[in-house]
Amino acid sequence: MKKEDWIDVTKHLPQDEADVLVYDHRQGIVIASYEDNYGWMSCEHGALDYVTHWMPLELPEVSWIW
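Computed from a predicted structure; not experimentally measured.

Draft legend 1. Molecular detail of the overall build of the chain. When its secondary structure is counted, the chain shows 0 helices and 6 strands. Each helix and strand of the chain, ordered N terminal to C terminal, gives the series β-β-β-β-β-β. Scored against the burial criterion, the 66 residues of the chain give a buried share of 29%. Pairs at least 24 residues apart make up 46% of the contacts formed inside the chain by residues separated by at least 6 positions.

Draft legend 2. The sheet that holds strand β5 (residues 46-48), seen in detail. The 6 strands are arranged β1-β6-β2-β3-β4-β5 in an open sheet whose pairing can be described as antiparallel. Bordering the open sheet on either side are β1 (7-8) and β5, each of which pairs with just one other strand. When strand β2 (residues 20-24) meets strand β6 (residues 51-56), the two strands line up antiparallel, connected through 5 bridges. Within β6, the position partnered with D24 by the bridge is V51.

Draft legend 3. Structural view of the pairing of β2. Burial analysis of β2 places 4 of its 5 residues in the buried class, which makes it a mostly covered element. When β2 meets strand β3 (residues 28-35), the two strands line up antiparallel, connected through 5 bridges. Bridged to Y23 within β3 is I29. What sits between the antiparallel neighbours β2 and β3 is a turn of 3 residues.

The rules behind these values
Residues numbered from 1 in each chain as written. Predicted model: local features only at pLDDT ≥ 70, side-chain atom pairs only at ≥ 80, totals over all residues. Heavy atoms only, no water. Helix = DSSP H or I, 4+ residues; strand = E, 2+ residues; numbered from the N terminus. Buried < 20%, exposed > 50% of the residue type's maximum accessible area, 1.4 Å probe, protein only. Contact = heavy atoms within 4.5 Å. Pairing = 2+ DSSP bridges.

Structure follows, in structure tokens:
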């Protein structure tokens, strides 16, 4: 996670309902999504009103061994 990886919310928003990492002045760094009708939402904290930056959330590849 580098400083230049963060995207300013005033310049660009993620795809609707895509999970991303966000920086919120009150909650810190959390996983959230942006919804056109509701704004920033987090499962842990509900509505986030102080999001300034976001970055794509890249999940690891998972291979299941049975």
